[in-house]
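Given next are the chains, with one letter for each unit.
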Amino acid sequence: MANIAQARKRARQAEKHRQRNAAQRSTLRTAMKKVLKAIRTGDKTAATEAYKAAVPVIDRAANKGLIHANKAARHKSRLNANVKALG
């Protein structure tokens, strides 16, 4: 553990940020998995609904710096292409 007050505070902040990032990353992965699961079952309406729910989650992760903007765009594009391929 750090001895200087500033270093102790930074350690506390880093832990808070780590936990928040882990929670947001988990939410992001879950949203994407729901879309992929609906695609695998072949249910286009469920896949479309899951995709619509996942897009704001992906955008939020990009805006908060959790993932790069290009990675968010890539995920949305690939998921959308897979959903459209069901039709």
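Remember, predicted model here, so these are calculated numbers, not experimental data.

Undergrad: Requested: an account of helix α1 (residues 5-41), with residues and values cited.
TA: Here α1 is 37 residues long and its end C-alpha atoms lie 54 Å apart, about the 54 Å a rise of 1.5 Å per residue gives. Residues of α1 that are buried: Leu28, Ala31, Met32, Val35, Ala38 and Ile39. Contact partners of the buried residues in α1: α2 (44-63) and α3 (69-85). A positive phi of about 85 degrees marks Gly42, the residue just after α1.

Undergrad: Break down the pattern of salt bridges for me, citing the residues and quoting the values.
TA: Inspection of the entire model under this criterion finds two salt bridges. Two residues, Asp59 and Lys76, come together in a salt bridge whose shortest N-O distance is 2.6 Å. Of the two residues, Asp59 sits in helix α2 while Lys76 sits in helix α3, which places them 17 residues apart along the sequence.

Undergrad: Just give me the short version of the environment of Asp59, but keep the residues and values in it.
TA: Owing to a relative accessible area of 27%, Asp59 belongs among the partly exposed residues under this scheme. As for Asp59 and Ile4, which are separated by 55 residues in sequence, their C-alpha atoms are 38 Å apart.

Undergrad: How would you summarise a positive patch on the surface if you had to cite specific residues and measurements?
TA: Taken together, Arg8, Lys9, Arg10, Arg12, Lys16, Arg20, Arg60 and Lys64 make up a surface patch of like positive charges. With six residues, the single largest contributor to the positive patch is α1. Tracing the backbone through its elements, the reader meets Arg10 in helix α1. A relative accessible area of 52% places Arg10 in the exposed class.

Undergrad: Kindly report on the nonpolar core, identifying the contributing residues and their values.
TA: Leu28, Val35, Ile58, Ile67, Leu79 and Val83 are the most contacted members of the largest nonpolar core, which has 19 residues in total. Listing elements by their share of this core, those giving two or more residues are α1, α2 and α3. A total of eight residues in this core trace back to one element, the largest contributor, which is α2. Once you skip the residues sitting within four places of it in the chain, Ile58 turns out to touch Leu28, Met32, Ile67, Ala72, His75, Lys76 and Leu79.

Procedures and definitions
- Residues numbered from 1 in each chain as written.
- Predicted model: local features only at pLDDT ≥ 70, side-chain atom pairs only at ≥ 80, totals over all residues.
- Heavy atoms only, no water.
- Helix = DSSP H or I, 4+ residues; strand = E, 2+ residues; numbered from the N terminus.
- Expected span 1.5 Å × (residues − 1).
- Buried < 20%, exposed > 50% of the residue type's maximum accessible area, 1.4 Å probe, protein only.
- Contact = heavy atoms within 4.5 Å.
- Salt bridge = Lys/Arg side-chain N within 4 Å of Asp/Glu carboxyl O.
- Patch = residues over 30% accessible without salt bridge, like charges linked within 9 Å, V, L, I, M, F, W, Y side chains within 5 Å.
- Areas by Shrake-Rupley, 256 points an atom, 1.4 Å probe, with all protein chains shown as cover.
- Lys, Arg positive; Asp, Glu negative; His and termini not counted.
- Charge placed at Lys NZ, Arg CZ, Asp CG, Glu CD.
- Core = buried A, V, L, I, M, F, W, Y, C linked by side-chain atoms within 4.5 Å.

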